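Here's the letter readout for the chains.
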Amino acid sequence: MTNAGVLADHQIRDMIASGGITADTPIEPGQIQPASLDLRLGSTAYRVRASFLAGRQRTVKDRLADFQMHTVDLTGGAVLEKGCVYVVPLMERLRLPKGMTAAASAKSSIGRLDLLTRIITDHGVEFDRVPEGYDGPLYVEICPRSFSVVAQPGQMLNQIIFRQGKTLMSDADLRALHAQTPIVSGDPVISDGLGFSVDLRPESGTLVGYRAKPHTGVVDLAKLNHYDPTEFWEEVHTKDGWIILDPGAFYILVSREAIVIPPMQAAEMAPYLAMVGEFRVHYAGFFDPGFGYAEAGGAGSRGVLEVRCHEAPFVLEHGQVVGRLVYENMSALPAALYGRDIKSNYQGQGLKLSKHFQSK
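In this text, all values refer to a predicted model and were calculated from it rather than measured experimentally. (Residues numbered from 1 in each chain as written. Predicted model: local features only at pLDDT ≥ 70, side-chain atom pairs only at ≥ 80, totals over all residues. Heavy atoms only, no water.)

Draft legend 1. Representation of the overall build of the protein chain in the model. A tally of helices and strands in the protein chain yields four helices and 26 strands. A compact globule built from 360 residues should have a C-alpha radius of gyration of about 21 Å, and the protein chain, at 20 Å, falls within 12% of that. Taking all 360 residues of the protein chain together, the buried fraction comes to 54%. Put simply, 81% of the contacts in the protein chain that link residues at least 6 apart link residues at least 24 apart. Accessible area of the protein chain: about 15700 Å², with a carbon and sulfur share of 49%. Side-chain charges in the protein chain split into 35 positive and 40 negative, and the spacing between the mean points of these groups amounts to 2 Å. (Helix = DSSP H or I, 4+ residues; strand = E, 2+ residues; numbered from the N terminus. Rg over C-alpha atoms; globule rule 2.2 N^0.38 Å. Buried < 20%, exposed > 50% of the residue type's maximum accessible area, 1.4 Å probe, protein only. Contact = heavy atoms within 4.5 Å. Areas by Shrake-Rupley, 256 points an atom, 1.4 Å probe, with all protein chains shown as cover. Lys, Arg positive; Asp, Glu negative; His and termini not counted. Charge placed at Lys NZ, Arg CZ, Asp CG, Glu CD.)

Quick look at the structure:
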C-alpha cells in the first residue's frame, strides 16, 4: 500500500515496471526526477485553430478532427511558430490506480522561454490535471508566445507528478516545518502556502531582470548554452526599487527570498490569489525535493519568476508579494535529491535565463 503523498523516484520506477506508465519507446532512467517524470514529444505536431479541452464526452482525437489545420513532422526538427497552437501526442501513456491522480507542468527551461505547454487528456476538463484512475494517452498543447522554437521527437518539455491520496500541507504544518527546517530566508509569509516577493533591489548593480524582445530568431530547443542573450532579451535595470511592466511583455525576474524544499516535501508554484495588479506570474512550476537544500548543495535558491503584464502598464515594487509555493508531503524519501544526486541546472540559482542562452 502506497503512503499518501507525492510519489518518489523509486515509486515511479515501480509504476513503470507494473505497467502503470507505458511508452512507445522504453522510458529512459534520465526521465525520472526525485518527484516527477519527464514526458517526451512524439513525432507529429497538429497545428490547430485554437486551444481546447476534450470535455467529458470526447477524446482528444475527436477534437483534433474539429480543429486540426495541418500536421508537422517533427522528425529531424521542425519550427513551431510564435503565436500558433499545436497539439503533440506524447510517447508516454498512463493507467492510474484507484486513489491516484497526476499533475503536469512545464519544465523550468521551457517556462523561461515563455513557451506555453499544457497537458491535455481524453475526457479532460482541466489543463495539466489527470483524474483519478485515468487510463489513456497524453497530449501536450504547445503555444510559443515570445520566440518561435525548433522541436523534435523525444524532447522533454513537460514533467508530471503522481499524487496518492491527500498530499497538501496545511499552513500549521508548514509553520512547524519551517521551525524545524527553515524553508525560506527571513520571516515566512504563510497563507494557503508560502508567499514570495520580487527582488528589485539587488545586492550589487542595477540589473533586476530581462524582457523578451518582440522580433527575434528561432530558439532550437536542442542547443544549450548556445544563444547570445542580447539577441533575444533586453536587460531591465532600476536604481529606485520599482519597474513599470509593459502590457503584453514577458519578463524574467527573481524572488527576494531564497527557498528550500526539504527531502520529504515537494512544492508547486501557484498564482497569488489577491488582486494585486495587471500582471501574472507563471504558476506552472514544480520544485523537487532537495531544491535549495543545504545538504544537496543549495543553501537556499531563489525562485525565478516568469511574469507577463496584461491590459495596463503596472508598477511592480521591491518586496511586493507576487506568488506562493504550495508544499506537499512526499509518499517516500526519494533515492536522489535535486542538486546533490542529479545534474540540476538551477540549484543555488539567482536571476538566470534558460539553459539555452550563454551564461555571462
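Draft legend 2. Spatial organisation of the nonpolar core. By size, the foremost hydrophobic cluster in this structure holds 51 residues, and its most contacted members are Leu94, Ile160, Phe162 and Trp233. Apart from residues lying up to four places away in sequence, Leu94 is in contact with Gly20, Ile21, Ala102, Val130, Tyr134, Asp135, Gly136, Leu138, Ile160 and Phe162. In terms of nonpolar packing, the next biggest core, distinct from the first, is built from 34 residues, Leu174, Val198, Leu200 and Ala249 among them. (Core = buried A, V, L, I, M, F, W, Y, C linked by side-chain atoms within 4.5 Å.)

Draft legend 3. Just the side chain of Glu257, in detail. Relative to the helices and strands, Glu257 is located in strand β20 (residues 250–259). Engagement of the side chain of Glu257 in a polar contact is seen with the side chain of Ser197, the distance being 2.7 Å. Apart from the residues within four sequence positions on either side, Glu257 is in contact with Val184, Ser185, Phe196, Ser197, Ser301, Arg302 and Gly303. (Polar contact = N/O pair within 3.5 Å; in protein donor to acceptor, adjacent residues only side chain to side chain.)

Draft legend 4. Expanded view of helix α4 (residues 171–180). Among the residues of α4, Leu174, Leu177 and His178 are the ones counted as buried. Down the axis of α4, the buried side of the element spans an arc of 100 degrees, and every buried residue falls inside it. When the buried face of α4 is taken as reference, the exposed residues oriented beyond 90 degrees from it are Ala179 and Gln180. (Arc of directions from axis to C-beta.)

Draft legend 5. Structural detail: the sheet that holds strand β12 (residues 149–151). Read from one edge of the open sheet, three strands run β6-β12-β17, paired in mixed fashion. Looking at strand neighbours, the two that pair on one side only are β6 (78–80) and β17 (219–220), the edges of this open sheet. Relative to β12, β6 runs antiparallel, the two sharing three bridges. Each bridged residue has a counterpart across the sheet, and for Leu80 the counterpart in β12 is Val149. (Pairing = 2+ DSSP bridges.)

Draft legend 6. Spatial organisation of the pattern of salt bridges. Evaluated as defined, the whole model comprises 14 salt bridges. We note a salt bridge from Arg163 to Glu268, for which the minimum N-O separation is 3.0 Å. With Arg163 in strand β13 (residues 156–164) and Glu268 in strand β21 (residues 265–271), the pair connects residues that are 105 residues apart, well separated along the chain. Exposure remark for Arg163: the relative accessible area of 12% places this residue in the buried category. The class of Glu268 is buried, set by a relative accessible area of 11%. As a salt-bridge pair, Arg211 and Glu234 come within 2.8 Å of each other at their nearest N and O atoms. A residue pair is termed long-range when its members are at least 10 positions apart, and Arg211 in strand β16 (residues 207–212) and Glu234 in strand β18 (residues 233–237) qualify at 23 residues. Shared partners join several salt bridges into a network, and the residues in it are Arg129, Arg163, Glu268 and Glu328. (Salt bridge = Lys/Arg side-chain N within 4 Å of Asp/Glu carboxyl O.)

Draft legend 7. Structural context of the sheet that holds strand β22 (residues 279–281). Strand order in the open sheet formed by five strands is β18-β16-β20-β24-β22, and the pairing between neighbours is antiparallel. In this open sheet, the two edge strands, each paired with only one partner strand, are β18 and β22. Each strand axis lies, on average, 35 degrees off the axis of its neighbour in the sheet, ignoring direction. (Axes fitted to C-alpha atoms, helices over the stretch in contact; angles between N-to-C directions.)

Draft legend 8. Broad picture of empty space enclosed by the protein. According to the stated counting rule, one finds one cavity of 30 Å³ or more in the structure shown. For the largest cavity, the calculated volume is near 50 Å³. As for the largest cavity, its lining consists of Val6, Ala35, Ile161, Ala266, Ala267, Phe286, Phe287, Asp288 and Glu328. Elements that contribute at least two residues to the lining of the largest cavity include exactly β21 and β23 (285–287). For the lining of the largest cavity, the class distribution of residues is seven nonpolar, no polar and two charged. (1 Å grid on protein atoms, 1.4 Å probe; cavity = no way out; pocket = protein on both sides within 12 Å on 5 of 7 lines; lining within 4 Å. Points joined across faces, edges and corners; volume = space filled by probe spheres on them. Nonpolar A, V, L, I, M, F, W, Y, C, P; charged D, E, K, R; others polar.)

Draft legend 9. Quick peek at the environment of Ser354. Within the element layout of this structure, Ser354 appears in the segment after β26 (321–329). Spatially, the C-alpha atom of Ser354 lies 5.5 Å from that of Arg112, the residues being 242 residues apart in sequence. A polar contact of 3.0 Å, which involves the side chain of Ser354, links it to the side chain of His356.

Draft legend 10. Just the packing of aromatic side chains, in detail. Counted by the stated rule, this structure contains nine aromatic pairs. Judged by centre distance (5.3 Å) and plane angle (75 degrees), the rings of Phe147 and Trp233 are edge-to-face. Within this pair, whereas Phe147 is found in the loop between β11 (135–144) and β12, its partner Trp233 is found in strand β18, the two being separated by 86 residues in sequence. You can call Phe147 buried: its relative accessible area is 1%. (Phe/Tyr/Trp six-rings, centres within 6.5 Å; stacked < 30°, edge-to-face > 60°.)

Draft legend 11. Quick look at helix α1 (residues 9–18). Buried within α1 are the following residues: Asp9, Gln11, Ile12 and Met15. Within α1, the buried residues cover an arc of 160 degrees as seen down the axis, which keeps them to one side. Away from the buried face of α1 by more than 90 degrees, exposed residues Asp14, Ala17 and Ser18 are located. In this fold, the buried residues of α1 make contact with β1 (5–6), β2 (21–23), β3 (37–40), β8 (100–106) and β13. Immediately beyond the C-terminal end of α1, within one or two residues, lies Gly19, with a positive phi of roughly 90 degrees.

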